[in-house]
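Structural characterization, general
Listed below, chain by chain, are the residues.
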Amino acid sequence: MIRRTAACAAALLVFAMPALAGMDDFQAGTVVPDFGKFVPVEGVTLPADTEFKVIFDVADGGPEDGVNRGIDSAARFLNMNADAGVAPENMKVVLVLHGGAWKDLLTDEARGSANPNVHLIAELQAAGATFDLCGQTAAAHDVTKDMLLPGVNIVLSAMTARALLQQEGYTLN
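Described in the following lines is the structure provided in the data block. Residues take numbers from 1 onward in each chain, read along the sequence in its written order. Predicted model: local features are reported for residues with pLDDT of at least 70 only, side-chain atom pairs are reported and counted for 80 or more only, and whole-chain, interface and lining totals are derived from all residues. Each side-chain value is worked out from all heavy atoms of the structure, with water and hydrogens disregarded.

For the rest of this paragraph, the subject is the side chain of Asn90. Note on conventions: DSSP H or I runs of at least 4 residues are helices, E runs of at least 2 residues are strands, and numbering of each starts at the N terminus. Its place among the elements puts Asn90 in the loop between helix H2 (69–83) and strand E2 (91–97). Classification of Asn90 as buried rests on a relative accessible area of 18%. Here a polar contact means two N or O atoms within 3.5 Å. Within protein one must be a hydrogen donor candidate and the other an acceptor candidate, and residues neighboring in sequence count only if both atoms are side-chain atoms. At a separation of 3.4 Å, a polar atom in the side chain of Asn90 contacts the main-chain carbonyl oxygen of Thr50. Buried means the residue's accessible area, taken with a 1.4 Å probe over protein chains only, is under 20% of the maximum for its type, while exposed means over 50%, and partly exposed covers the values in between.

So, about the sheet that holds strand E3 (residues 130–134). The strand order across the open sheet formed by 5 strands is E4-E3-E2-E1-E5, and the pairing between neighbours is parallel. Either end of the sheet is taken by a strand with one partner, and the two such strands are strand E4 (152–155) and strand E5 (171–172). Each pair of strands is called paired provided DSSP finds at least two bridges between the two strands. Relative to E2, strand E1 (residues 52–58) runs parallel, the two sharing 7 bridges. Across the sheet, Lys53 pairs through a bridge with Lys92, a residue of E2. Where H2 meets the sheet, it contacts E1, E2 and E3, and its direction lies at approximately 170° from that of E2. Two residues qualify as a contact provided that any one of their heavy atoms is within 4.5 Å of a heavy atom in the partner residue. Between the N-to-C directions of two axes lies an angle of 0 to 180 degrees, each axis being a line fitted to C-alpha atoms and, for a helix, fitted only over the stretch in contact.

Our next topic: helix H4 (residues 118–126). Within H4, burial applies to Leu120, Ile121, Glu123 and Leu124. All buried residues of H4 fall inside an arc of 160° around its axis, so they share one side. Structurally, H4 contributes buried residues whose contacts are with H2 and E3. Among the residues trailing H4, Gly128 stands out with phi positive, at a value near 100°. Relevant arc is that of directions from the helix axis to the C-beta atoms, nothing else.

So this is what it looks like as structure tokens:
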């Protein structure tokens, strides 16, 4: 029994090694340089004139001491597609936040502690991304515009924002 358990553990380790080694292949991008690490896929390129209009729906809040993975996904999207050949000016990204993600848009003062998403959000905004906070979520948590990071919009609702953006040709990611 011990011999079989050891053999199973060795087999799992051998099969897991390529997956673990792959984590070293993630790299920083050029559009949002400090966030959104990705792995280039060899042989995959996209035409430079490709255009993306994408909504990132972010409902889950991030950890108190780390960036929100949903927000970071937008950075990864921009970085990996630019690396694959898409011109950054051809990518329009809107992040619609609601649910528990509202805290990730607050200033340090409004949050009561350092917001680990401040730099990520600023880099995404510098890359042209916009941030919309659900007005229903904001009202439920007594969030006012002055409590939010610069450039964050309050919209009627996440549902309404997504519907309007889809009418403008945005796809939901």
